[in-house]
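Each chain is listed here by its residues.
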Amino acid sequence: MPDTPHFGTVLTAMVTPMHPDGSVDLEGAQRLATHLVEHGHDGLVVSGTTGESPTTTDQEKVDLLRAVVGAVGDRARVVAGVGTNNTAHSVEGAQAAAKAGAHGLLVVTPYYNKPPQEGVLAHFRAVADATDLPVMAYDIPGRSGIPIHTETLLRMAEHERITAVKDAKGDLFAASKVMAATDLQWYSGDDVINLAHLAQGAVGVVSVVGHVAGDLYAEMVAAVGRGDLPRAIEIHRRLIPAVDAVMNITQGAIMAKAALKELGVLASAAVRLPLVEATDDQAAAVRSGLEQSGLI
């Protein structure tokens, strides 16, 4: 593992706290960011998909970023999610994030319009050229509709500011190939296979379950780093119920907010349509998962 991963090692794709009426709760965002940094995190992603980026405005994204940087920017890397399926809009978002104090950018593969790989490459290069900030490419074909092909990742690695990948593709062997051939720093973007990614060379995680398990994920990353695989496996197995509850019942932002409300970290689990709050049964399932993992 590199000694100093550019984006940190334990990051959570932070939910965007909202008041019951659906308005953004900036003070709640600062409290949540502080809570996460005090529980194992050395990085945070603001306005990723789990932060409900599809339904927050450009101004809300800037306001959130400024609030989080103001709260924890001296203690953690604050990464702004700026990717869209419109390259010009993504460039504008990157420039706005840089002005607001972001330490890095998370850029997702353009979704829905299914560009060819040459378009994917040109998109990432254009966003990386827009600022001096390091870029983490987010490969999640389940949401975007297309993967970033291995050859495209190899070419992306030639850009001096495209320095990392958040991998939610689920192809461990492809990830291993790119790690072996480039200096890209690899982050697990799927809590289900965090341990597998770490064991084959990932430097860290960009998590959703990290909202409630940051300390344990920090311990897992450290255990793998020192070669203590039995301890890492122990943590992985302990967290199975929590991962199952947060990631495998319904959309992650919904369940992460339900879990944070259960723990008393959030006052409201409100989300914006088309998301809807967890049902009573779903809230009970997340409570059970947290209990089984020893998190409450």
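Cut-offs applied
Along each chain, numbering runs from 1 in the same order as the chain's sequence is written. The model is predicted, so local features are restricted to residues of pLDDT at least 70 and side-chain atom pairs to those at 80 or more, both for listing and for counting; the totals for chains, interfaces and linings are taken over all residues. To obtain the side-chain values, all non-hydrogen atoms of the structure were used and water was disregarded. Only the stretch in contact is used when a helix axis is fitted, and all axes are lines through C-alpha atoms; the angle between N-to-C directions ranges over 0 to 180 degrees. Only DSSP runs of H or I covering at least 4 residues are called helices, and only runs of E covering at least 2 are called strands; the numbering of each starts at the N terminus. Each angle is binned into one of four classes, with values under 35 degrees roughly parallel, values over 145 roughly antiparallel, values of 65 to 115 roughly perpendicular, and all other values oblique. With the far helix as reference, a near helix turned anticlockwise by less than a right angle produces a left-handed crossing, and one turned clockwise produces a right-handed crossing. Contact criterion: two residues are considered in contact whenever any of their non-hydrogen atoms come within 4.5 Å of each other. Basically, the charged four are Asp, Glu, Lys and Arg, the nonpolar ten are Ala, Val, Leu, Ile, Met, Phe, Trp, Tyr, Cys and Pro, and anything else, Gly included, counts as polar. UniProt positions are given in the numbering used here, feature names are shortened, and annotations may be inferred rather than shown by experiment. Only protein chains enter the accessibility calculation, which uses a 1.4 Å probe; a residue is then buried when its area is under 20% of its type maximum, exposed when over 50%, and partly exposed in between. Each aromatic pair joins two rings of Phe, Tyr and Trp (for Trp, the six-membered one) with centres within 6.5 Å, and gets the label stacked for planes under 30 degrees apart, edge-to-face for over 60, and tilted for any other angle. Lysine and arginine charges are scored as sitting over a ring when NZ or CZ, respectively, is within 6 Å of the ring centre and within 35 degrees of the ring normal.

Examining the packing of helix H1 (residues 26-37) against helix H2 (residues 58-72)
Then step 1. One can describe the packing of H1 onto H2 by two numbers: an axis separation of 9 Å at closest approach and a directional angle of 45°. When the axes of H1 and H2 are compared, the pair comes out oblique. Crossing geometry of H1 relative to H2 is assigned as right-handed. Touching Leu26, Ala29, Gln30, Ala33, Thr34 and Val37 of H1 are Asp63, Leu64, Ala67, Val68, Ala71 and Val72, all from H2.
Then step 2. Here the residues of the contact of H1 with H2 are counted per class, giving 9 nonpolar, 2 polar and 1 charged.

Structural notes on the UniProt feature "site: Part of a proton relay during catalysis" (unreviewed entry) in the protein
Then step 1. Taking the UniProt record as the reference, the feature "site: Part of a proton relay during catalysis" (unreviewed entry) is found at Thr49 and Tyr112.
Then step 2. A residue is classified by how much of its surface remains accessible, and threonine 49, at 25% relative accessible area, is partly exposed.
Then step 3. Here tyrosine 112 lies in the loop between strand E4 (104-108) and helix H4 (117-130).
Then step 4. Its relative accessible area of 75% is what places tyrosine 112 among the exposed residues.
Then step 5. What tyrosine 112 contacts, discounting residues up to four positions off in sequence, is Asn85 and Ser144.

A few points about the packing of aromatic side chains
The description of an aromatic ring pair rests on the distance of the ring centres and on the angle between the ring planes.
Then step 1. Inspection of the entire model under this criterion finds 1 aromatic pair.
Then step 2. A ring pair is formed by phenylalanine 7 and tyrosine 187, whose centres lie 6.4 Å apart and whose planes are at 90°; its orientation type is edge-to-face. Placement of phenylalanine 7 in the segment before strand E1 (10-13) and of tyrosine 187 in strand E7 (residues 185-188) is noted, with a sequence separation of 180 residues between them. Each member of the pair phenylalanine 7 and tyrosine 187 is classed as buried.
Then step 3. The ring centre of tyrosine 138 lies 3.9 Å from the NZ or CZ of lysine 166, which sits over that ring.

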